[in-house]
Amino acid sequence: MSWWARSRLRSKIFCAFSALILVVSLAVLGFTQFIVSQQVQATLRQELLTTGQVFQGLLQEQAERLRTNAALLAGDFALKKVVAPASDYDPETLASAALNYQQRIGVDLLWMTDENGTLRADANAKKTSGTSVATLSPLAEALQSGEATTAITAIEGKLFQLVAVPVLGPDVIGFLVLGEEINDALAQQLEKDTGSRVTFLSHAQLFAASWGPLDRERLFPDGHIPAMLWDSQPNTTMLLHLASERFLSLLVPIAAHLPTPLFALVQRSYDTALAPFYDLRRRILGVGAGAILLALAVSIGLANGITTPIQGLVTSMHEILRGNFQQRLRVNRQDEIGFLADSFNEMAAGLEKGEQIKDTFGRFVSHDVAEAVLNGHIPLAGERREVTILFQDIRGFTSISEKLDPAELLRVLNQFFTEVVAAVEAEDGVVKQFTGDGAMVLFGAPVAHDDDPARAVRAALGIVHRLASLNARLRAQNGPLLRIGVGIHTGEVVAGRIGPDERVEYGVVGDPVNLASRIEGLTKEMQATLLVSQITAAKLGPGFTLGRSAALAVKGKEKPIEVVEVLAYEPVVEESHDESPSLIVSPSLTDH
Amino acid sequence: MHQQKFLFPFLLFLLGVALLTTSPAAGATVSGRVVGSDGKGVAQAIVFVQALPPGVTPPPVSQSAIMDQVNKTFVPGLLPVVAGTEVHFPNHDQIQHHVYSFSRTKSFELPLYKGEEASPVVFDKAGVVKVGCNIHDWMSGIILVLPTPYYAVTDEGGQFTLQDLPPGAYTLACWHALSQVKVEETVQQVQADENSPEVKFTLSLATARPHPAIRGARGDR
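Values in this document were obtained by computation on a predicted structure and should not be read as measured data.

Engineer: Before we move on, can you summarise the overall build of chain B with the specific residues and values?
Structural biologist: Secondary structure summary: chain B contains 1 helix and 17 strands in total. Within chain B, buried positions represent 32% of all 221 residues. Expressed as a percentage of contacts within chain B between residues at least 6 apart in sequence, the contacts between residues at least 24 apart total 66%.

What follows is the structure in structure tokens.
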């Protein structure tokens, strides 16, 4: 047997309830986590994509600003004079003028070249004049088109956004190259504007980042770019770990003139974005734990509510099995348990009454009698009433019992008494007691009928009749043939419950009882089977065939008792005289 | 000043009469064609004598030329002059112009003026001079300063004819505003006489692109 089958109902309910709550809580939490993380990822990804677009926009805007500034500057006549091929500025003066222009519009880089792309002045004095920068984007494109062009390119390891505009005088007399460096400060500004971490990098180099020095060293040790960055496709997000924090990251391609493609690595902290959810999860867990405790308490209560009455029922059932029929359940509820308890109580009450009846009247009580007793129609406290008492005895029982072995004797006796009881119950009599080979039967107590004397005599005749059949069977089995004597008397007795509580029984007390017994004794003397007192005979009514009568002296009685032999009974059918009447005739009555 | 306009053709006429009458044999003609790399004739190319044969003295020519400013445009847009010519830049617009050039050949500046207030500019060195206006970026003109007075401008078919050349071996060169071939590289030797050969110049031209400053509206035009 499994643990589940062995365990008590309360444990089962408790376990099932707890498991259910736990599963539901975890499922809700898991589902919530899944949905929230999906949503956070989607939101972050959208934000990163937006940030990427913002970058492109900001870079474009910066390019436009550069272009506008450069165009305005290039249109300046004084600048044209400076740039003009015919100008006789010496290189130092040119560089100084370039620095002046650079400071005027506030850019990181300003170059002046001749119409062929040969550098004439670098405001930062990093490149020497006379160097050709004609192949550098965007100057190369501007030389081709003669128009202002912009590009992102690297100069000596630094990333610049450059614009090259022609200086017209009125044809192209030179070029002005302006540039803004894409550096950490710009990345930090972008982070401030967009809320995303920004790193500008190519496969070969890390150019600028908004990360602080510590984080930058963790992400890009010694400026080395982790290879896993390139595992994902541009414009698809990935999760990168920095210490214990996760960052949703997106590579945004940026058009640039570099040997390897340039990207802006845009990152947002996944864990920071999930922080509200983590908080929510803590709360859910707290609430869930509370709910589980509450549910456990409820389940305990519920289990108790269900199992306590059942337990009571089980205990009471054990009591009933032990014979304690007074056991009752006290359950004040209207549900199935209440119904069960009521049913149990009814059952117990039924059993108790049945036992009471059995205790009071013995086993052989007809259904009507039992009903009358149970309905309280019969006062058991004691009363005077007229009853007809029948005594029956087996003739020559002693010699029969000597001939038969005990088992056989009892078998024969039981067969006989079965017939006696059947005959008595047929007339609503009560077998008060068996006396070894005889029986005492009451008619009129505890239930009275108008014709109790007649019923008693019919029952006696019935016994005699049934005995004939029994004797036929016994003869076939080589058993002993039984003969009986029956005495009947009617008189007033005291009826009620007699005996101590534990042995109480219904009984009758009075002289008529003794007299009935005496009359039965007289049957031997008169060689009669069925004798009734004159008093009884007087109450018989029609249909009975009476035989001899005698007045016999009885011990303890001054006057002799008048007795009458009853031979047969024939029901009186007034309407149909033609039909042959059924006649109950005792064979033994006709024998002698 | 208006008299000068009539004086110049008159002098030319006198010169022609003198040449015809005094030296009827002197008057070789060299003709030819300037084509692009696609073989089509190139108009508005200028073929000129880079170097004269020894002993040939160029005839005297007018020392004055005009590049007018009409409707915010230099007229003519291309003005070939002989070195030493002084060019006048009259302004016939109702507004002022600020004519300048940053060219190596000749750098000058005529600050804001109207009418004929500006002094003429002498172009004494052969070369290309690009002229602009400081206050109108789109205004652009070219003064081609030539070393000798012998030059011709090609017609629509790219044809040119150099006339009245004293016989001799000439060095010819060709220039065009869009030419990607340097003038020095176009140089050809030609024997000018009665049977002068046809001369052919082949230029590779850049595609003409709109002047950057011409984008958009041209003010009140």
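Engineer: Go over the overall build of chain A, please, and point to the residues and values.
Structural biologist: Secondary structure assignment for chain A yields 16 helices and 19 strands. Counting the 592 residues in chain A, one finds 34% classified as buried.

Engineer: So what about the sheet that holds strand β10 (residues 262-269) of chain A? Which residues, and what values?
Structural biologist: Residue and element names in this part refer to chain A. With antiparallel pairing, 5 strands are arranged side by side in an open sheet as β7-β6-β10-β9-β8. The open sheet has two free edges, formed respectively by β7 (206-209) and β8 (237-242), since each of these has just one partner strand. Pairwise comparison of adjacent strand axes, ignoring direction, gives a mean angle of 30° for this sheet. Note that strand β6 (residues 197-202) and β7 share 3 bridges and pair antiparallel. Its bridge partner lying in β7, Thr199 is registered against Ala209.

Engineer: Break down the nonpolar core for me, citing the residues and quoting the values.
Structural biologist: Ranked by internal contacts, the top residues of the largest apolar core, which has 117 residues, are Leu178 of chain A together with Val47 and Ile143 of chain B. Structurally, this core is a two-domain feature, drawing no fewer than three residues from each of domain 1 (27-52 + 152-206) and domain 2 (62-147) of chain B. Sequence-distant contacts of Val47 of chain B, defined by excluding residues within four places in its chain, comprise Val34, Tyr151, Ala152, Thr154, Phe160, Leu162, Leu172, Cys174 and Phe201 of chain B. In terms of nonpolar packing, the next biggest core, distinct from the first, is built from 51 residues, Ala456, Ala459, Val532 and Val564 of chain A among them.

Engineer: Which residues make up helix α4 (residues 91-105) of chain A, and what values do they have?
Structural biologist: Residue and element names in this part refer to chain A. In this model α4 runs 21 Å from its N-terminal to its C-terminal C-alpha over 15 residues, within 8% of the 21 Å that 1.5 Å per residue would give. Turning to α4, its buried residues number three or more, namely Ala95, Ala97, Ala98, Tyr101 and Gln102. Taken around the axis of α4, the buried residues stretch over an arc of 160°, which confines them to a single face. Among the exposed residues of α4, those pointing more than 90 degrees away from its buried face are Glu92 and Gln103. Those residues of α4 that are buried lie in contact with α2 (9-74), α3 (77-83), β1 (109-114) and β2 (119-122). Positive phi shows up at Gly106, right after α4, with a value of about 65°.

Engineer: Outline the interface of chain B and chain A, listing residues and values.
Structural biologist: Taken residue by residue, the interface counts 13 residues in chain B and 14 residues in chain A. Looking at the side of chain B that touches chain A, the elements with two or more residues in it are β11 (127-133) and β12 (136-146) of chain B. With 3 residues, the top contributor of residues to the side of chain B that touches chain A is β12 of chain B. Residue composition of the side of chain B that touches chain A, by class: 4 nonpolar, 5 polar and 4 charged.

Engineer: Any chance you could break down helix α13 (residues 452-476) of chain A for me, citing the residues and the numbers?
Structural biologist: With 25 residues, α13 of chain A extends 36 Å between its outermost C-alpha atoms, agreeing within 8% with the 36 Å of an ideal straight helix rising 1.5 Å per residue. Looking one or two places after α13 of chain A, you find Asn478 of chain A, whose phi comes out positive at around 60°.

Definitions and limits used
Residues numbered from 1 in each chain as written. Chains lettered and ligands numbered in written order. Predicted model: local features only at pLDDT ≥ 70, side-chain atom pairs only at ≥ 80, totals over all residues. Helix = DSSP H or I, 4+ residues; strand = E, 2+ residues; numbered from the N terminus. Buried ≥ 20, exposed ≤ 12 C-beta atoms within 10 Å, placed from the backbone. Contact = placed C-beta atoms within 7 Å. Pairing = 2+ DSSP bridges. Axes fitted to C-alpha atoms, helices over the stretch in contact; angles between N-to-C directions. Core = buried A, V, L, I, M, F, W, Y, C linked by C-beta atoms within 7 Å. Domains from an automatic or database assignment. Expected span 1.5 Å × (residues − 1). Arc of directions from axis to C-beta. Nonpolar A, V, L, I, M, F, W, Y, C, P; charged D, E, K, R; others polar.

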